[in-house]
Each structure stands twice: as structure tokens, then as C-alpha cells.
Amino acid sequence: MSSIDVPLKKGGFGTTSRKDNWWVEPLLVFLGYMAFVVYATWAALEGNNYLCTTQCGGADYLSPIYSPLLSETAPAWWPAFLPFSAAMLILPFPGLFRFTCYYYRGAYYKAFWADPISCTVGEPRNTYRGEKTLPLVLQNIHRYFLYFAIIFVFILLYDGYRSLWFTGPDGAKHFGIGIGSLVLILNPILLGGYTFGCHSFRHLTGGMMDIMSRSPIRKTAYDCVSCLNRSHMKWAWVSMFFVGFADLYVRLCAMGVWTDWRIL
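Computed from a prediction, not measured in an experiment: that's the story for all the values here. (Residues numbered from 1 in each chain as written. Predicted model: local features only at pLDDT ≥ 70, side-chain atom pairs only at ≥ 80, totals over all residues. Heavy atoms only, no water.)

Asker: Can you walk me through the packing of helix H1 (residues 24-46) against helix H4 (residues 102-113) in this structure?
Answerer: A pair of packed helices is captured by two measures, namely the crossing angle of their axes and the spacing between those axes. At a closest axis distance of 8 Å, the pairing of H1 and H4 adopts a crossing angle of 110°. On the basis of the axis angle, H1 is roughly perpendicular to H4. Contacts from Pro26, Val29, Phe30, Tyr33 and Met34 of H1 reach H4 at Tyr103, Tyr104, Ala107, Tyr108, Ala111 and Phe112. Across the contact of H1 with H4, the residue classes tally to eleven nonpolar, no polar and no charged. (Axes fitted to C-alpha atoms, helices over the stretch in contact; angles between N-to-C directions. Helix = DSSP H or I, 4+ residues; strand = E, 2+ residues; numbered from the N terminus. Parallel < 35°, antiparallel > 145°, perpendicular 65-115°, else oblique. Contact = heavy atoms within 4.5 Å. Nonpolar A, V, L, I, M, F, W, Y, C, P; charged D, E, K, R; others polar.)

Laid out in C-alpha cells, this is it:
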């Protein structure tokens, strides 16, 4: 099959004949990502108020940024000049899963690198390198970080289950439901919608088969993943910000700023 080179839009960065507000979407993407990255980085380095127990009526509310709960002291190999937080050992796994996500790539390539900033809009460069060389070829590790992301979904589901048990005056655990319980249960559900709608997971369930009808179980799984995949962008945004909200909820309850209302 013959191929042609598609020239990039000429005329300088931002040059276009479009009359619509094409710059709004990449600007909102930039602001949205930066807001989450700044908050998550601060929350990970802050190292306090990520677990709410006494202030939450005996609950076990753990921020998803600090889950699973690790040691509060730095390991022996940790550089002495770096501040230690257990979250710094956790976030790289779900973080790299999102950073290398096919949707996120297209979004932050436009918003941060202007590559391209929008359709038929002049770019700040005259060449297209693709993802075949370093460092962008490393984006292919996405399929491997999918497995870590799946593990984290189930870890957070367990945290949601633990949030349903409150320590009573007698020291025993009693079943209950607080607003925080609902927050910590909804969080892995949203993350599951994003993770199990991933393009790599879709390929894993059925992308390697030529005739899906020969395996009804895999076809059903493939159809379910495809259903989630059709709204992958929505799952990506909602789940990302809900992680931040879940951390904020636990944090403010632990600080006594918010009150965790008991439903049951």
C-alpha cells in the first residue's frame, strides 16, 4: 500500500482559518490536569490527615492516595534529602497507568505540548516524530501498568468495605454507613469503570481473536469492556477528580473541618 506524507499546518503557531473557540478545550484540559497534579502532589507530600478514625466516629476511612496503608517511616534505602511519604511509593503505579493512557496521551499532547493544539491549527514545530523513539516509545508500558491498576481497584474496594465497620464504645466493630463510606465505595467503582474500559484491557479480553462467536464468554466480556470504552474519556475525568475528592473528604474529616454524618 502506498503512503503519503501529510504536511503540518503552515503559517506559524496558532494560525488557523477556524472561527470557533477552538482554544477553549485544550485550555480547560490544561487547567484540569494541572489542578489535579498540583493537589495530588501536595496531598502525597503532606503526609498527615490521610486516615480518619476518631473524628469519624470510629470509622476506618483511608485516603485512596495513601492506600494500601504502608509504614510511616522511610525505608533504609530512601534518600535522606528527600521528604518521605508513603504515598510516594504508591502513586507511581496508578499515575503511570494514567500518564500512558491512550486517551490521556491525546489530551495532554494537545494541551501541554500543542502537538497539535487543535485540528487545522498551526503547531509550534514543523516535524512529526510519533512514538517510535525515546522517550515517547516508553508509552508502550501502559499495557503493563494496567495490571497494577486492576490490583489497586480491588485494594480500594476492600477499603470501601472496611469503611462500613465502626469501632463502638465496647471496642468491637459494628456495621454502619457514613457519608465517607459511600465516598470510599463509589471511588473504586468509578476507577473500575475507567480501568476496565481501558483500550489495553479491551484488547486483552478479545482483541486477539478473529472470530468472537467461537468464544461466547470472551465475546460477552469484550462487549462489556467495549461499552465502558465508548465513554472512556468521561470515566477518565470523573474518576480522576473523584480520587482527589475522596482524599479531600477524608482529610477534612480528620482535621475536624467536615463532619461525617452517619446514615445507619
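The discussion continues.
Asker: Help me out: how do you make sense of the state of the cysteines in this one?
Answerer: Working definition of a disulfide: a covalent bond connecting the sulfur atoms of two cysteines. Summed over all chains, the structure comprises one disulfide. Put simply, Cys52 and Cys56 are joined by a disulfide, and their sulfur atoms are 1.9 Å apart. Taking the torsion about the sulfur-sulfur bond, which here is approximately 100°, the covalent link between Cys52 and Cys56 counts as right-handed. Overall, Cys56 belongs to the buried group, its relative accessible area being 3%. Looking at Cys224, it has no disulfide partner, and the nearest cysteine sulfur is the one in Cys227, 7.4 Å off. (Disulfide = S-S within 2.5 Å. Buried < 20%, exposed > 50% of the residue type's maximum accessible area, 1.4 Å probe, protein only.)

Asker: What is the right way to look at the environment of Met34 in this model?
Answerer: Following the sequence through the fold, Met34 ends up in helix H1. Judged by its relative accessible area of 32%, Met34 is partly exposed. Put simply, Met34 and Gly197 are 163 residues apart on the chain and 24 Å apart in space, counted from C-alpha to C-alpha.

Asker: Is there a simple way to think about the nonpolar core in this case?
Answerer: In summary, soluble globular proteins display a tendency toward joint burial of nonpolar side chains. By size, the foremost hydrophobic cluster in this structure holds 24 residues, and its most contacted members are Tyr33, Phe97, Tyr103 and Tyr104. At the level of elements, H1, H4, helix H5 (142-162) and helix H9 (232-254) are the ones that each hand at least two residues to this core. In terms of residue count, the dominant contributor to this core is H4 (six residues). Sequence-distant contacts of Tyr33, that is, excluding residues within four places in its chain, are made with Tyr103, Tyr104, Ala107, Tyr108, Phe112, Trp237 and Met240. Formed by 14 residues, the second largest nonpolar core is a distinct cluster that contains Cys52, Ala59, Val183 and Leu184. (Core = buried A, V, L, I, M, F, W, Y, C linked by side-chain atoms within 4.5 Å.)

Asker: Would you mind showing me how to read the packing of aromatic side chains here?
Answerer: In this description, a pair of aromatic rings is defined by centroid distance and the angle of the planes. Within the structure shown, the criterion is met by 29 aromatic pairs. Plain terms: the ring middles of Trp77 and Trp78 are 5.8 Å apart, the flat faces sit at 55° to each other, and that makes the pair tilted. According to the relative accessible area criterion, Trp78 is buried, its value standing at 17%. Look at Phe245 and Tyr249: their rings are 6.3 Å apart centre to centre, the planes differ by 50°, and that puts the pair in the tilted class. Of this pair, Phe245 and Tyr249 both sit in helix H9, four residues apart, which is roughly one turn of the helix. Accessibility expressed as a relative area gives 34% for Phe245, which makes it partly exposed. Taking the ring centre of Tyr194 as reference, the NZ or CZ of Arg98 above it sits at 4.3 Å. Here the basic side chain of Arg262 rests over the ring of Phe166, its NZ or CZ set 3.8 Å away from the ring centre. (Phe/Tyr/Trp six-rings, centres within 6.5 Å; stacked < 30°, edge-to-face > 60°. Lys NZ or Arg CZ within 6 Å of the ring centre and 35° of its normal.)

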